[in-house]
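Letter by letter, the chains look like this.
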Amino acid sequence: MVNLWLGKLKGHISEAKNRAKADKLEREAAEKHPNSIILTKREVQGEWDASRVLVTTIGGAPRPITTNDLAQFRHNMRMAQKNFNGDGITARQVIDLASSKPMPGTGSDTDIDRARKQITMAVPVSAFNNEVRFITNAGPDSEVNRHHVLVRFNAFSVAANKLMASTAKERRDPKQTANWLRKQKLAFDCSCGRHRYWFRYISTIGNFNAGRKEMGFPKIRNPNLKGVACKHVLRVMSEVESSTSVLNFLAKHMEKLRDSQDNTAKHRIKQKEHDDEIKKRANSRVNTIKTSEQRAAERKRAKERESLHKKAKQVKRIERKPTATRRIEAALASGKLSASDLEVLRRIGFTDKQVAEKLKG
Ligand SMILES: [Zn+2]
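Computed from a predicted model, the values in this text were never measured in an experiment.

(A) View of the coordination of the zinc ion. Donor atoms from the polypeptide that coordinate the zinc ion comprise Cys190 (SG), Cys192 (SG), Cys230 (SG) and His232 (ND1), at 2.2 to 2.3 Å from the metal. Considering all 4 donor atoms around the zinc ion, angles at the metal cover 105 to 113° and the coordination shape is tetrahedral. Sequence spacing of the donors to the zinc ion: C-x1-C-x37-C-x1-H. With Cys192 in the loop between strand S6 (186-190) and helix H8 (193-205) and His232 in helix H9 (residues 231-242), this pair connects stretches of sequence that are 40 residues apart. His232 matches Cys192 in its accessibility class, with the two residues each being buried.

(B) Highlighting H9. The end-to-end C-alpha distance of H9, which contains 12 residues, comes to 17 Å, matching closely the 16 Å that a straight helix rising 1.5 Å per residue would cover. Burial runs high along H9: 11 of the 12 residues are buried. Inspection of H9 places Lys231, His232, Val233, Leu234, Arg235, Val236, Met237, Ser238, Glu239, Val240 and Glu241 among the buried residues, and these make up the whole buried set.

(C) Inspection of the side chain of Glu43 at higher detail. Along the chain, the position of Glu43 falls in helix H2 (residues 41-44). Overall, Glu43 belongs to the buried group, its relative accessible area being 8%. Within the structure, Glu43 has its side chain in polar contact with the backbone nitrogen of Thr40 (distance 2.9 Å). Sequence-distant contacts of Glu43, defined by excluding residues within four places in its chain, comprise Ile38, Trp48, Arg52 and Leu70.

(D) Representation of the packing of helix H4 (residues 91-100) against H9 in the model. Where H4 contacts H9, the two axes come as close as 8 Å, and the packing angle between them is 135°. Judged on the interaxial angle alone, H9 and H4 are oblique. Relative to H9, H4 is oriented so that their crossing is left-handed. Taking contact as the criterion, the partners of Ala91, Arg92, Val94, Ile95 and Ala98 in H4 are, on H9, Leu234, Met237, Ser238, Val240 and Glu241. Taken together, the residues of the contact of H4 with H9 sort by class into 7 nonpolar, 1 polar and 2 charged.

The rules we used
Residues numbered from 1 in each chain as written. Predicted model: local features only at pLDDT ≥ 70, side-chain atom pairs only at ≥ 80, totals over all residues. Heavy atoms only, no water. Donors = N, O, S within 2.8 Å, 3.2 Å for Na, K, Ca; no water. Tetrahedral: all angles 85-135°; square planar, octahedral: opposite > 155°, others 65-115°. Helix = DSSP H or I, 4+ residues; strand = E, 2+ residues; numbered from the N terminus. Buried < 20%, exposed > 50% of the residue type's maximum accessible area, 1.4 Å probe, protein only. Expected span 1.5 Å × (residues − 1). Polar contact = N/O pair within 3.5 Å; in protein donor to acceptor, adjacent residues only side chain to side chain. Contact = heavy atoms within 4.5 Å. Axes fitted to C-alpha atoms, helices over the stretch in contact; angles between N-to-C directions. Parallel < 35°, antiparallel > 145°, perpendicular 65-115°, else oblique. Left-handed = near helix turned anticlockwise from the far one by under 90°. Nonpolar A, V, L, I, M, F, W, Y, C, P; charged D, E, K, R; others polar.

Rendered as structure tokens:
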């Protein structure tokens, strides 16, 4: 069995912030370095110093970048941006895009395949207003044992305003609002290298980046700008979209929001809650990450099953004779009633029901 315990929750925020800080410092140093290999925003826009030798893998093997490549990069950006509209992205869109336009990794498996196989836990640990911090387990080859995924719910203030109209006693409203909120647009960030080098640029140009912005074009790792999210984010998105534990967590957060004086809220799970959850999960199946297509196919199958079931029921109803008829038939078969007697009874006006009644006596 996979070790599902995600470690000590105390200190998770500073751990996440420290990792983000280290990432930021490294990135700044890389850009300042005299031999920086970062392809900047202005260079992609065409301010290109031809004496600079930078490498791209577009078209296959690594080779020096030409001005034609820059045009191709801008085209790829426009193509990628077409997949997104406006501010943020929904959890469902992330899963669907990861499945329909995957970024092929080193092997044949995609990020969504890896999320399904390797990332079995994603738990919301703390929330401060619109930001919810998740911890996930790390993959088998990782040098760390967990990752931090930050999700920013863009519709948080709308949710706050919705809740202003309810009383502190209304139990349904926070849960309903939580369920609404989790289907709305969001932004995300992950502490892993895959997000950093492959996808951070995409989430920046798509306006669904909740961490450091990345303006350097991923000319080597992902010049075609394929895919959308790492396996950790994909597992989190699946949980956000459909898990009860995320719904319950968000409902608590919404409850605090409803009861707060100034429309702010903080919520955190306790170590014991997490440990209990792990025990519960140890005996249950991991949620499957489903794309919209898979959901539609499932709904179709369920509908077909239901209609088959209905038809079978109808047939049964037709086949099933009235009780009186069955009783008469049984009496005829056993000799308790003769066919000629039955005929007489019917002729003098007895209904089958009355005949059956008489047979009972
Ligand atoms: Zn990640």
